[in-house]
Amino acid sequence: MSVAKPLRIGIAGLGTVGGGVLKLLASHGELLTQRTGRTLQVTAVSARDRSRDRGVDLSSVRWYEDAATLAVDPEIDVFVELIGGSDGIAKRAVEAAIASGKHVVTANKALLAHHGSALAAAAESAGLTLAFEAAVAGGIPAIKGLREGLAGNNIREVHGILNGTCNYILTEMRTTGRDFADVLADAQRLGYAEADPSFDIDGVDAAHKLAVLTAVAFGTKVDFNSVHVEGIRHISALDINYAQELGYRIRLLGIARRTDAGIEQRVHPCMVPTNSPIGATDGVFNAVVADGDFVDKVVLVGRGAGAGPTASAVVADLVDIARGRSTPTFGIPAEQLAPLVPSPISRRQGRYYVRLMVVDRPGVIADIAATLRDQHVSMEAFLQRGRSPGEAVPVVWTTHETDEAAMQSALAAIGALDAVLEPPRMIRIEDF
Ligand SMILES: NC(=O)c1ccc[n+]([C@@H]2O[C@H](COP(=O)([O-])OP(=O)(O)OC[C@H]3O[C@@H](n4cnc5c(N)ncnc54)[C@H](OP(=O)(O)O)[C@@H]3O)[C@@H](O)[C@H]2O)c1
């Protein structure tokens with residue numbers, strides 16, 4: 001009986017994800033051999049600090065100071081990049097691996113968002129796999145789900161909660177009534193948010209993931225620069241309360257939608273119905289919803305980060321490679337990926353929530369209503385609690401469907417009114 005050769009794996013980066021992958025491979029060796037017919041063997045690793053305990057015995061594994069040298073080790077079949085960063089060593093090492101004929105597995109959404117199309121082209125022209133299940137929504141098989149599971153569909157839209165840190169913060173704000181800065185500080189103490197949280201809370205991390213999902217969903221080149229990005233810094237406890245009252249939850253969403261004008265790619269806070277799958281996904285969980293023309297909506301929910309879930313996704317890619325299962329990186333061959341024709345945020349059609357802080361005096365509401373009328377924006381519901389003559393009071397309304405350009409003009413005019421004390425707060429409503 002012939003025994004298949006082991007799959008020899010080199011891992012660069014042994015932090016949260018890399019450490020998780022080492023542990024999974026060590027604990028599920030037999031199961032993975034049953035599933036692939038081969039052993040999955042870590043033969044070489046690289047990280048910065050050689051002395052740090054990684055939780056598994058690495059004494060018989062080759063150690064490289066330089067990840068790019070590991071990437072070209074002739075004794076590995078697959079290079080697993082778990083360092084991070086869109087450029088620098090991660091990019092150099094992945095390029096070196098492909099140039100020397102190694103398959104690549106990565107969890108690095110920043111790298112893919114900036115260089116995904118070029119790396120896919122290089123890998124495919126060399127007959128290699130570039131796999132990245134862990135890069136989008138962690139443990140959720142969103143890439144395989146879209147690319148393989150929904151391959152029979154034209155995808156109309158994909159959207160989701162793509163950043164667990166933001167979802168945790170927004171959930172905590174709702175359940176405890178505390179403000180953003182307070183909850184963020186706690187999240188940092190608990191290790192749910194980085195010391196520099198800007199990539200998460202300013203929406204950049206979600207935008208990286210969305211750019212990758214869009215390419216898979218629509219067969220377009222990865223186009224991070226056309227993603228409209230807003231984060232959650234300006235979300236207040238007041239808005240969260242109003243959302244609740246109106247039957248909504250506030251989520252930071254990534255949305256990619258095919259429209260007649262092109263493809264919308266946007267990351268921003270949204271109000272979604274409380275009882276929708278996205279509305280019901282609380283805490284650190286991620287959710288991805290794909291809408292295909294034959295299947296309709298498919299919802300995937302799970303953990304988007306952490307050692308275990310992310311290792312689960314990395315190892316799924318390794319199993320594919322060990323099995324020889326291969327698909328073009330973004331679903332269709334890289335050379336056939338079409339340039340993405342973006343539909344800008346100004347063309348969004350939808351409903352809006354707006355909150356103002358105004359001086360409570362006669363005529364203010366009439367001025368606001370007149371401005372909305374002038375921009376053809378029609379109000380759906382209006383809330384003003386209590387009276388406090390001469391004082392600042394919140395005024396809230398939702399609109400019927402309108403276009404973003406009209407809404408922005410109306411907000412600029414309303415913001416300039418004397419009685420309006422702060423820039424208007426606007427949150428887009430998505431009735432999924
Ligand atoms: N954490 C998650 O839940 C998660 C989820 C999905 C995707 N990802 C992605 O996975 C990647 C890794 O994230 P992580 O959270 O595991 O990061 P991490 O915990 O900070 O680990 C990074 C690892 O890279 C090593 N490293 C740094 N610079 C290096 C260099 N020049 N050469 C070789 N190794 C180097 C570090 O070495 P030392 O240990 O010696 O310092 C560390 O082991 C990133 O692309 C991230 O976006 C992470």
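So, a few notes on the structure that sits alongside this text. Predicted, not measured: the structure shown is a model, and the values here were computed from it. (Residues numbered from 1 in each chain as written. Predicted model: local features only at pLDDT ≥ 70, side-chain atom pairs only at ≥ 80, totals over all residues. Heavy atoms only, no water.)

### Side note on the pattern of salt bridges
Following the criterion strictly, the structure yields 31 salt bridges and no others. In this structure, the salt-bridge partner of Arg266 is Glu264, at a minimum N-O distance of 2.9 Å. Judged by relative accessible area, Glu264 falls into the buried class, the value being 5%. Here Arg373 and Asp374 are joined by a salt bridge, their closest N and O atoms 3.1 Å apart. (Salt bridge = Lys/Arg side-chain N within 4 Å of Asp/Glu carboxyl O. Buried < 20%, exposed > 50% of the residue type's maximum accessible area, 1.4 Å probe, protein only.)

### Things to note about the site of the ligand
Close contacts around the ligand come from 22 residues, with Leu14, Val17, Asp49, Arg54 and Gly306 the closest. Residue Arg48 places a main-chain N or O atom 2.9 Å away from an oxygen atom belonging to the ligand. Here an oxygen atom of the ligand and a backbone polar atom of Asp49 are 2.7 Å apart. Protein contacts shield 78% of the accessible area of the ligand, which totals 900 Å² for the unbound molecule. Of the residues assigned to the shell around the ligand, the class counts are nine nonpolar, eight polar and five charged. (Near = heavy atom within 4 Å. Polar contact = N/O pair within 3.5 Å; in protein donor to acceptor, adjacent residues only side chain to side chain. Areas by Shrake-Rupley, 256 points an atom, 1.4 Å probe, with all protein chains shown as cover. Nonpolar A, V, L, I, M, F, W, Y, C, P; charged D, E, K, R; others polar.)

### Some words on the packing of helix H13 (residues 364-374) against helix H14 (residues 404-415)
For the pair H13 and H14, the least separation of the axes is 9 Å and the interaxial angle reads 150°. When the interaxial angle is binned, H13 and H14 end up roughly antiparallel. Regarding H13 and H14, the two cross each other, and that crossing is right-handed. Contacts between H13 and H14 involve Ile368, Thr371 and Leu372 on the former and, on the latter, Ala410, Ala413 and Ile414. Tallied by class, residues from the contact of H13 with H14 come to five nonpolar, one polar and no charged. (Axes fitted to C-alpha atoms, helices over the stretch in contact; angles between N-to-C directions. Helix = DSSP H or I, 4+ residues; strand = E, 2+ residues; numbered from the N terminus. Parallel < 35°, antiparallel > 145°, perpendicular 65-115°, else oblique. Left-handed = near helix turned anticlockwise from the far one by under 90°. Contact = heavy atoms within 4.5 Å.)

### A few points about the sheet that holds strand S2 (residues 40-46)
Spatial ordering of the open sheet is given by S3-S2-S1-S4-S5-S6, a layout of six strands whose pairing is parallel. Each having just a single partner strand, strand S3 (62-64) and strand S6 (130-131) make up the two edges of the open sheet. Helix H12 (residues 307-323) contacts strand S1 (7-12), S2, strand S4 (78-81), strand S5 (103-106) and S6 of the sheet and is inclined by roughly 165° relative to S5. (Pairing = 2+ DSSP bridges.)

### Notes on the pairing of strand S12 (residues 296-303)
Of the strand pairs in this sheet, strand S11 (residues 285-292) and S12 are connected by eight bridges, and their pairing is antiparallel. Residue pairing in the sheet places Asn286 in a bridge with Gly302 of S12. From the end of S11 to the start of S12, which pair antiparallel, there are three residues.

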